[in-house]
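What follows is the residue order along each chain.
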Amino acid sequence: MSVGLDTDNGQVLVVGRSRVNQVVVSEIVHRCGLRSLLETVESASGHLKFNRPRLIILDGGVENRDCDGLMDEIAALQRTSEARIPHVIMLSNRNGSVESLSLPSLVNAVVTKPITPERLQPIIERLAKGRG
């Protein structure tokens, strides 16, 4: 069902269980001149059936596992896009890289909490411009 979706280049999907984290991330997204859409882990799947955001920011929660249920859908969207869109940022409680944290390879970057504009904004800007 995701084949043929147009990418919304200005939209960033922010997914997580913590509303506070979503609001903080949304403000940083807006600083980058992009639009954010906040979804719970449970509602994000429905959004991805009909939309392909340029970037998805996932709050991994305590164990970086909160969004595991979305990984197959995101991977399917990336497979149908020459640019491997959507790009994915994981917000983590632990320091490390995608590899050292054993995150799926579809994750482009990891940002360690606490979330600050200095940490997150440059990564959003880089990935939103298509430089994975």
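Residues numbered from 1 in each chain as written. Predicted model: local features only at pLDDT ≥ 70, side-chain atom pairs only at ≥ 80, totals over all residues. Heavy atoms only, no water.

Colleague: What is the right way to read the overall build of the chain from this model?
Modeller: Secondary structure summary: the chain contains four helices and five strands in total. Written out in order from the N terminus, the α and β elements of the chain read β-α-β-α-β-α-β-β-α. Against the 2.2 N^0.38 benchmark of 14 Å for 132 residues, the chain shows a C-alpha radius of gyration of 13 Å, consistent with a compact globule. Taken over the C-alpha atoms alone, the chain extends approximately 35 × 30 × 25 Å along its principal axes. (Helix = DSSP H or I, 4+ residues; strand = E, 2+ residues; numbered from the N terminus. Rg over C-alpha atoms; globule rule 2.2 N^0.38 Å.)

Colleague: Honestly, the environment of glutamine 11 in this entry has me stumped. Any pointers?
Modeller: Note that glutamine 11 resides in strand β1 (residues 7-15). For the pair formed by glutamine 11 and leucine 37, sequence separation is 26 residues and the distance between their alpha carbons is 7.1 Å. The contacts of glutamine 11, once residues within four sequence positions are left out, are Arg35, Leu37, His47, Asn51, Pro53, Arg54 and Leu55. At 3.3 Å, the side chain of glutamine 11 forms a polar contact with the side chain of histidine 47. (Contact = heavy atoms within 4.5 Å. Polar contact = N/O pair within 3.5 Å; in protein donor to acceptor, adjacent residues only side chain to side chain.)

Colleague: I would appreciate a short explanation of the confidence of the model for the chain in the present structure.
Modeller: Parts of the model with low pLDDT should not have their predicted coordinates read in detail. Per-chain confidence: the chain averages 90 in pLDDT, with 92% of residues scoring 70 or above. When mean pLDDT is compared element by element in the chain, helix α1 (residues 19-31) scores highest at 97, while β1 scores lowest at 82. (pLDDT = per-residue confidence, 0-100.)

Colleague: How should the nonpolar core be read in this particular structure?
Modeller: Side chains that are nonpolar tend, in soluble globular proteins, to be buried together. Counting residues in each nonpolar core, the largest one holds 21 residues, and the members touching the most others are Val15, Leu58, Leu70 and Ile74. Of all elements in the fold, only β1, α2 (41-50), β3 (52-59), α3 (71-79) and β4 (87-92) reach the threshold of two or more residues within this core. Beyond its immediate chain neighbours, meaning those up to four positions away, leucine 58 contacts Val15, Cys67, Leu70, Met71, Ile74, Val88, Ile89, Met90 and Leu91. Counting 19 residues, the second largest nonpolar core, distinct from the first, contains Val25, Ile115, Ile124 and Ala128. (Core = buried A, V, L, I, M, F, W, Y, C linked by side-chain atoms within 4.5 Å. Buried < 20%, exposed > 50% of the residue type's maximum accessible area, 1.4 Å probe, protein only.)

Colleague: Is there a simple way to explain the pairing of β4 in this structure?
Modeller: Across the six residues of β4, six count as buried, placing the element largely inside the fold. Here β4 shows a buried face lined by His87, Ile89 and Leu91 and a second buried face lined by Val88, Met90 and Ser92. Summarising the sheet, β3 and β4 pair through five bridges and their orientation is parallel. Paired with isoleucine 57 across the strands is isoleucine 89, a residue of β4. Crossover connection from β3 via α3 to parallel β4: handedness right-handed. Of the strand pairs in this sheet, β4 and strand β5 (residues 109-112) are connected by four bridges, and their pairing is parallel. Across the sheet, residue leucine 91 finds its bridge partner in β5, namely valine 111. (Pairing = 2+ DSSP bridges. Right-handed = clockwise from strand over helix to strand, strands pointing away.)

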